[in-house]
Amino acid sequence: MSLDPSHEPAAVQARYARRNTMADAQHYSLYASASALQAQQERLRAMVQLWRTHGWQSLAGLQITEVGCGSGGNLHDLVRLGAQPQRLQGLELLPERAAQARATLPAALAIHAGDAASATIAPGSQQAVLAFTLFSSLLDAEFRTALAQQMWQWVAPGGGVLVYDFVVNNPRNPDVQGVPLTEVRRLFPQAQLHSQRITLAPPVARRLPGGLIAPCATLLPFLRTHRLTWAVKPALSAGPEALPS
């Protein structure tokens, strides 16, 4: 299955052009929004827990790519967690967001502006590929499937794709589509999935005092609207046919 570079990427650009950039800046500012800060901190804790359970005691030495890196916030987090900038790269469709990422991230960290379909990443070269609120922005199911297959090819055995996304549709935003666990399983049918629901529903969290967001997320798990899933590619066997590490 091949990716059509003329269809869905252009549609994604049009959807983002319709967004209210001022509202987005307010909603997703870690400084201005207590709910955004809480969501980021919870996501980081869950990500670290998943990877430490996976056996990674450090991110140093790991090759990691983020597809749809935006202005680079997640890549900043990876550097703070100990990943080496020269082993990280971000792919971003929107040129203005790619420029923001390039302006703030270490020079050794590669940022590639343009369609991920044109990325030249060697098969099996990445220990992790990140897709944070990526698939919910891709409404063409065929394109979504093809991109997931391409990302899967980049992953080394024993590595995986880390997906963070909505699990429900947003009735106020037809430009995004929920990505439940069944869809992640469809996108990565060969993966071993390790998944958990996180993130209190943003419309609810934004109405709460900052100190109540985490307790409400704990007491009201049915109001968690996102899922963090580590889709692991099975490692090569330990038998005589296995390749050396």
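Colleague: Hey, could you run me through the pairing of strand E5 (residues 155–166) in this one?
Modeller: Within a regular beta strand, the side chains point alternately toward one face of the sheet and then the other, so they alternate between its two faces. The element E5 is largely enclosed, with a buried count of ten among its twelve residues. Two elements, strand E4 (residues 126–132) and E5, share six bridges in a ladder whose sense is parallel. Looking at E5, one finds that Val129 is bridged to Val161. Alignment of E5 against strand E7 (residues 224–232), held across seven bridges, turns out to be antiparallel. Paired with Val163 across the two strands is Thr229, which belongs to E7.

Colleague: Looking at this structure, how should I read the side chain of Lys233?
Modeller: Relative to the assigned elements, Lys233 resides in the segment after E7. No salt bridge is formed by the buried Lys233. Its closest oppositely charged neighbour is Glu183, at 18 Å. From its side chain, Lys233 meets the backbone oxygen of Trp152 in a polar contact 2.7 Å long. A distance of 2.8 Å separates a polar side-chain atom of Lys233 from the backbone oxygen of Val155. Contacts of Lys233, omitting those with residues within four sequence positions, involve Trp152, Gln153, Val155, Ala156, Pro157, Gly158, Gly159 and Gly160.

Colleague: Explain the pairing of E7 here, please?
Modeller: With eight of its nine residues buried, E7 lies for the most part within the structure. Sheet topology note: the strand E6 (residues 192–200)/E7 ladder contains eight bridges and is antiparallel. Paired with Leu193 across the bridge in E7 is Ala231.

Colleague: Can you help me understand the confidence of the model for the protein chain in this one?
Modeller: Caution applies to low-pLDDT parts of the model: their predicted coordinates are not meant to be read in detail. Confidence along the protein chain averages 92 in pLDDT terms, with 94% of residues attaining 70 or more. In this model, residues 238–245 is a region of pLDDT below 50 whose contacts with residues beyond four sequence positions or in other chains number two contacts.

Colleague: Sorry if this is basic, but what is going on with unusual backbone geometry here?
Modeller: Leaving glycine out, the prevailing phi sign among residues is negative, and the prevailing peptide bond configuration is trans. The phi dihedral of Thr133 is positive, around 45°, even though this residue is not glycine. With a phi close to 75°, Thr199 is a non-glycine residue in the positive phi region. Note that Thr199 resides in strand E6. Take Thr199: its relative accessible area is 4%, and that puts it in the buried class.

Colleague: In this structure, what is going on with the sheet that holds E6? I would like to understand it.
Modeller: Each strand in a sheet pairs with another by means of backbone hydrogen bonds, the pair being arranged parallel or else antiparallel. The seven strands are arranged E3-E2-E1-E4-E5-E7-E6 in an open sheet whose pairing can be described as mixed. Across the chains shown, the open sheet's two edge strands, defined by having one partner strand only, are strand E3 (110–113) and E6. Here the average twist between neighbouring strands, direction ignored, is 15°. On the sheet, helix H4 (residues 73–80) packs against strand E1 (64–67), strand E2 (88–92), E3 and E4 and is oriented at approximately 175° with respect to E2.

Reading the values: the criteria
Per-chain numbering applies: the sequence of each chain, read as written, is numbered from 1 onward. In keeping with the predicted nature of the model, local features appear solely for residues at pLDDT of at least 70, side-chain atom pairs appear and are counted solely at 80 or more, and the whole-chain, interface and lining totals rest on all residues. Heavy atoms from the whole structure form the basis of all side-chain values; hydrogens and water molecules are not counted. Exposed residues in this analysis have more than 50% of their type's maximum accessible area, buried residues have under 20%, and partly exposed residues fall in between, with area computed by a 1.4 Å probe over protein chains only. Helix numbering and strand numbering both begin at the N terminus, where a helix is a DSSP run of H or I of at least 4 residues and a strand a DSSP run of E of at least 2. Only strands joined by at least two bridges in the DSSP assignment are considered to pair. Positive charges come from Lys and Arg alone, negative charges from Asp and Glu alone, with His and the N- and C-terminal ends not counted. A pair is scored as a salt bridge if a Lys or Arg side-chain nitrogen falls within 4 Å of a carboxyl oxygen belonging to Asp or Glu. Throughout this description, a polar contact denotes any pair of N or O atoms lying within 3.5 Å of each other; where both atoms belong to protein, one of them has to be capable of donating a hydrogen while the other can accept it, and for residues adjacent in sequence the pair is counted only when both atoms sit in side chains. Here a residue-residue contact requires only that any non-hydrogen atoms of the pair lie within 4.5 Å. A residue's pLDDT is the predictor's confidence in that residue, given on a scale from 0 to 100. Convention adopted: a line fitted to C-alpha atoms gives each axis, helices being fitted over their contacting stretch, and angles between N-to-C directions are expressed from 0 to 180 degrees.

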